[in-house]
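# Chains, contacts and geometry: an overview
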Amino acid sequence: MAAAKLSPADSLSFCLAQLTAAAGEGLGGGEDTATNETPLGRALLALRTRHVKAAGGIERFRARGGLRPLLALLRRAAAAGPSPSQAGPGSAPSSVESAASSGPAPSLGPAPSAASSSTPSPPARLRKTLDLALSVLANCCTEGECRAEVRRLGGIIPLVTILQCVKTDSIQNRTARALGNLAMEPESCGDIHSAGAVPLLVEGLTACQDSQCRQSVVRALRNLADSPQHRLALAKQGAVRPLAELLAAAPDPAMTLALVRALLELSRGCSRACAEQLSLGGGLGPLVSLASHPKRAVREAAILILANLCAQGLVRPALGNAGGVEVLLGELRRRRGPSGASPASQQPLVRAVCLLCREAINRARLRDAGGLELLMGLLRDPRASAWHPRVVAALVGFFYDTGALGRLQALGLVPLLAGQLCGEAGDEEEEGREAASWDFPEERTPERAEAGSFQSLRSWLISEGYAADPGDISPDWSPERCPPPPEPASRASPSLGPTSLRTPRALRPPARSPAATAPEEPWGREGPALLLLSRFSQAPDPSGALVTGPALCGLLAYVTGAPGSPSPRALRILARLTCNPACLEAFVRSYGAALLRAWLVLGVAPDDWPALRSRPARRSQHQHRELGEMLLQNLTVQAESPFGVGALTHLLLSGSPEDRVACALTLPFICRKPSLWRRLLLDQGGLRLLLSALTRPAPHPLFLFFAADSLSCLQGLVSPTVNPALLPAIPLDLDPPSPCLYEPLLGPAPTPAPDLHFLLDSGLRLPAQRAASANASPFFRALLAGSFAEAHMDLVPLRGLSPSAAWPVLHHLHGCRGCGATLGPVPPPGQPLMGSEAEEALEAAGRFLLPGLEEELEEAVGRIHLGPQGGPESVGEVFRLGRPRLAAHCARWTLGLGQCPRKRALALVGLVEAAGDEAGPLTEAFLAVMMGVELGGEGPSRDG
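Here's a quick rundown of the structure.

Cut-offs and rules
Residues numbered from 1 in each chain as written. Predicted model: local features only at pLDDT ≥ 70, side-chain atom pairs only at ≥ 80, totals over all residues. Heavy atoms only, no water. Helix = DSSP H or I, 4+ residues; strand = E, 2+ residues; numbered from the N terminus. Buried < 20%, exposed > 50% of the residue type's maximum accessible area, 1.4 Å probe, protein only. Polar contact = N/O pair within 3.5 Å; in protein donor to acceptor, adjacent residues only side chain to side chain. Arc of directions from axis to C-beta. Contact = heavy atoms within 4.5 Å. Pairing = 2+ DSSP bridges. Expected span 1.5 Å × (residues − 1). Bend = angle between axes of the 7 residues up to and from the residue. Axes fitted to C-alpha atoms, helices over the stretch in contact; angles between N-to-C directions. Core = buried A, V, L, I, M, F, W, Y, C linked by side-chain atoms within 4.5 Å. Parallel < 35°, antiparallel > 145°, perpendicular 65-115°, else oblique. Left-handed = near helix turned anticlockwise from the far one by under 90°. Nonpolar A, V, L, I, M, F, W, Y, C, P; charged D, E, K, R; others polar. Phe/Tyr/Trp six-rings, centres within 6.5 Å; stacked < 30°, edge-to-face > 60°. Lys NZ or Arg CZ within 6 Å of the ring centre and 35° of its normal.

## Focus on the environment of T206
Relative to the elements of secondary structure, T206 occurs in helix 12 (residues 197-207). In this structure T206 comes out as buried when scored by relative accessible area, which is 11%. In this structure, the C-alpha to C-alpha distance between T206 and L243, residues 37 residues apart in sequence, is 9.2 Å. Here E203 takes part through its backbone oxygen, which lies 2.8 Å from a polar atom of the side chain of T206.

## Quick look at helix 40 (residues 674-683)
Within helix 40, the full set of buried residues consists of L676, W677, L680 and L681. Each buried residue of helix 40 sits inside an arc of 85° when the element is viewed along its axis, so together they form one side. The outward face of helix 40, more than 90 degrees from its buried face, is lined by the exposed residues S675 and D683. Summarising the contacts, the buried residues of helix 40 are in contact with helix 37 (621-639), helix 38 (642-654), helix 39 (657-670), helix 41 (686-692) and helix 42 (703-718). Backbone geometry just after helix 40 places G685 at a positive phi near 80°.

## Topic: the pairing of strand 1 (residues 756-759)
Two faces, one strand: in a regular strand the side chains alternate between the faces of the sheet. Along strand 1, the buried face is formed by L756 and F758; none of H757 and L759, which line the opposite face, is buried. Inspection of the sheet shows strand 1 paired to strand 2 (residues 765-768) by 4 bridges, in the antiparallel sense. Note on strand 2: the bridge partner recorded for H757 is P767. Counting the residues between successive antiparallel strands, the hairpin from strand 1 to strand 2 contains 5 residues, one of them, G763, with a positive phi of roughly 95°.

## A few points about the side chain of S710
Relative to the elements of secondary structure, S710 occurs in helix 42. On the basis of relative accessibility, which here comes to 0%, the residue S710 falls in the buried class. A polar contact of 2.8 Å, which involves the side chain of S710, links it to the backbone oxygen of L665.

## Considering helix 39
Here helix 39 spans 20 Å end to end across 14 residues, near enough to the 20 Å set by a 1.5 Å rise per residue. The largest bend along helix 39 measures about 25° and falls at A664, with the proline P668 one to four residues further on. With 11 of 14 residues buried, helix 39 lies mostly within the body of the structure. All of the buried residues along helix 39 are D659, V661, A662, C663, A664, L665, T666, L667, P668, F669 and I670.

## Remarks on unusual backbone geometry
Of all residues except glycine, most have a negative phi; of all peptide bonds, most are trans. Even without glycine at this site, A250 takes up a positive phi of about 55°. Within the secondary structure layout, A250 lies in the loop between helix 15 (240-248) and helix 16 (253-266). For A250, a relative accessible area of 64% puts it in the exposed group. Positive phi values are uncommon outside glycine, yet L849 reaches one of about 60°.

## Let's talk about the sheet that holds strand 3 (residues 795-797)
In space, the 3 strands of this open sheet follow the order 2-1-3, with mixed pairing throughout. Each having just a single partner strand, strand 2 and strand 3 make up the two edges of the open sheet. Each adjacent strand pair in this sheet contributes to an overall mean axis angle of 30°, direction not counted.

## Points about the environment of L853
Summarising the element assignment, L853 is placed in helix 47 (residues 851-865). Taking relative accessible area as the criterion, L853 reaches 1% and is therefore assigned buried. Note: C-alpha distance between L853 and H812 (41 residues apart in sequence) is 6.6 Å. Discounting residues that sit within four places of it in the chain, L853 has contacts with P808, V809, H812, T822 and A845.

## A word on the nonpolar core
Among the nonpolar cores identified, the biggest contains 277 residues, and L328 and I670 are the most heavily contacted of them. Top contributing element to this core by residue count: helix 42, with 10 residues. Contacts of I670, omitting those with residues within four sequence positions, involve L584, V588, A593, L635, T636, A639, E640 and L648.

## Remarks on the packing of helix 24 (residues 371-380) against helix 26 (residues 402-410)
Remark: helix 24 packs on helix 26, axes separated minimally by 10 Å, with the N-to-C direction vectors making an angle of 40°. In terms of orientation, helix 24 and helix 26 fall into the oblique class. The chirality of how helix 24 crosses helix 26 is right-handed. Residues L372, E373 and M376 of helix 24 lie in contact with helix 26, whose contacting residues are A404, R407 and L408. Of the residues assigned to the contact of helix 24 with helix 26, the class counts are 4 nonpolar, no polar and 2 charged.

## Here's the deal with the packing of aromatic side chains
Counted according to the given criterion, the structure contains 9 aromatic pairs. Ring centres of F399 and Y400 lie 4.9 Å apart, and the angle between their planes is 80°; this geometry places the pair in the edge-to-face category. The exposure class assigned to F399 is buried, which follows from its relative accessible area of 13%. Ring centres of F779 and F780 lie 5.2 Å apart, and the angle between their planes is 85°; on these two criteria the pair is classed as edge-to-face. Aromatic ring contacts, followed pair by pair, group F758, F779, F780 and F848 into a single cluster. The side chain of R535 reaches across the aromatic face of F399, ending 5.8 Å from its centre.

## Thoughts on the side chain of S567
Summarising the element assignment, S567 is placed in the loop between helix 33 (549-561) and helix 34 (568-578). On the basis of relative accessibility, which here comes to 3%, the residue S567 falls in the buried class. Not counting the four nearest positions on each side in its chain, S567 is found in contact with E521, P522, L530 and Y558.

Any functional reading would require information that these geometric values do not contain.
As structure tokens, then:
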């Protein structure tokens, strides 16, 4: 079988030779009569259909130097074709400035005949050559290295010239396609802008009727929008409005996709010009409709365009009228659903929804469409923490919407706002002036409105020193309001009078003019949250929202932990709440008064209990203490009023068990009238109720800290001058204050001689006097002088007694009091008492009916473990011995007026743990100490 005959065009060398010859000699050349084609045409056709499309063909074409003659051919073709009178062959097209000054592009007409008639069509052979050459170049520019070489060889200017000179749709299509491919490189994109291609592309978009050509132009415009500067330049040169008008004309699906993709790029960081043109072009309605397009790419692009447009306040009302609010809310709700997208894809929609809250008409639509619930969901979501400041700022727009505020309060906004006060700042960018609410459009005084006489007057005022700059003088100034010229000394004074010519500068911002002389409050990251909290606090009864644990904790954490001085608004909120009688019961039920005292007066935050947490340096504790005392004084005024007395009495006597305990705990903090706190706490059982609740599950994380502080405050009220004194510590390194009567029996020559020995389980024999031992205790009297066998024995066994426990017993039997023998079995602080020799000695004293010895041993335990060397952890250990007198010692230690609040609370925790479920002994110990002090006694009487 014979091989197929190869044509010369199958050789890349032949094609390159034809390109080189045509670039040097012109576009003519002999015509092949058999094929009615020129060799150049066959070469270009072969390049487009075979060589460039083959695998690696573009790289071979570039490596063989094909781009240089191809660009030279295009330069000659551009010079040979018809051109407008403004541009000669090879010159740059008309400037960008002239195109931009002509305003937006004209509306799309039904026929572009006007543009075509002004420029004659090129000859058919030239048109075909341009078609093929531009197609080859556009295909080559799909490769990055080819794009770089085309730019290096100066191939952009010929393309722009062809775009300007040749108005045939096919030529415009391929030129726009080549420019769009070149624009994928940032450097080439800048050169295309500088060459003035944008006005020509916009003109081609409005003039051509071919859908493929329009798509190429739209794609080129999209690729040219690669940076904020280029997007702004495109918008200012009228590239957006024709796209919007084409979109409004309901094009075919392919064109629709190209348009929304281009508008999406142009609307990134949406400028004012872009928003105006898109609105004037009628693109808002079609974009809203396309948000429900069946094709995902079109649908998502349309939604993102609407989100980008929200950055411009001037278009947001129209966007809401077109249904954009519902569309954006629905999409954000879908993306936040269980099968929704990642948080990053939600960011533009969150930003758009928050910006929509700046206009009243859109706020109403957002509220009716369930937007409040969506925003609250964002605030609750920890994954959306970066957007929380933006959402809170958006909710400020509902400041005067009573219905929306009520709904937000019901949804739990207040605790979330309180939590935002000390949260991290969001990392999103701040909005510019153009994103401000369009409910109050920015007023601009046109420059042309200023008459020449006013400009002359302003220049004279500046030259004479009456004004510092042109902005100080408003065109509304009149001579009637002009004061006499000030003296030179007063002119140099830093403070001018209220009628001076510098007044207009202070009055320029209308919203701030009434407070021009008042100190401006700081407006930091927490400003929006504080503003909303202040609005809620001004309700007749804000207790349900603001007087709660989370809300108070948030406010107090901000006041005490703010990096600088806290906003005065936060202090006013706290003062307003404590001065409102409707909040009194809420402060009692929520332990709010106890929290104010602990956090502000005592300096113990919830995070500092039970372990002290390291935190950065705070403001002066003295300032916090003053604030806390002021707030508690406000609550005292409410509590001691007739309304407050009735409310507290009802709460203590008829409230729920939890409310009754909370009332009993709070009363010592907010009641100073003796008749009131005595009646409620002592006469009507409030104190006993509080003490019995100590061993039950804690209703508040800081309940035991609050209870210890409350009992200490009550102790101060009961006896403001008498302190339940701690037992004096006995210096262990000094000689006993009284002589030891048992020691003479222990020497080598005892006097008098012992007539009895006690035998311990360990085999140790302890000498004793029978008569002294029998007289000291009824037990030993019956044992040694009665009818028992031990009465006739010289060696009497004592079972179950260790030498250390027997030692204080023998000393006591022989009359020793205070000789120091009772200190021997007591372990040092920090070691357990349960199971120790001290416990054994106490049991032996009770078994041998020695109440005096019991009292001495208990006193020794108290002096060692509840003295200066003892800590709060020793209190519970002492209480575990189960001795009533030691329990009273523990209560005295805990209620000491000079005791550290933290140690007092830790001691109460130890007492509660030691008491277990049995609240009786602990209750009786505290009641005995407090009531005994009240009656002027020294506590319960001693035994024996």
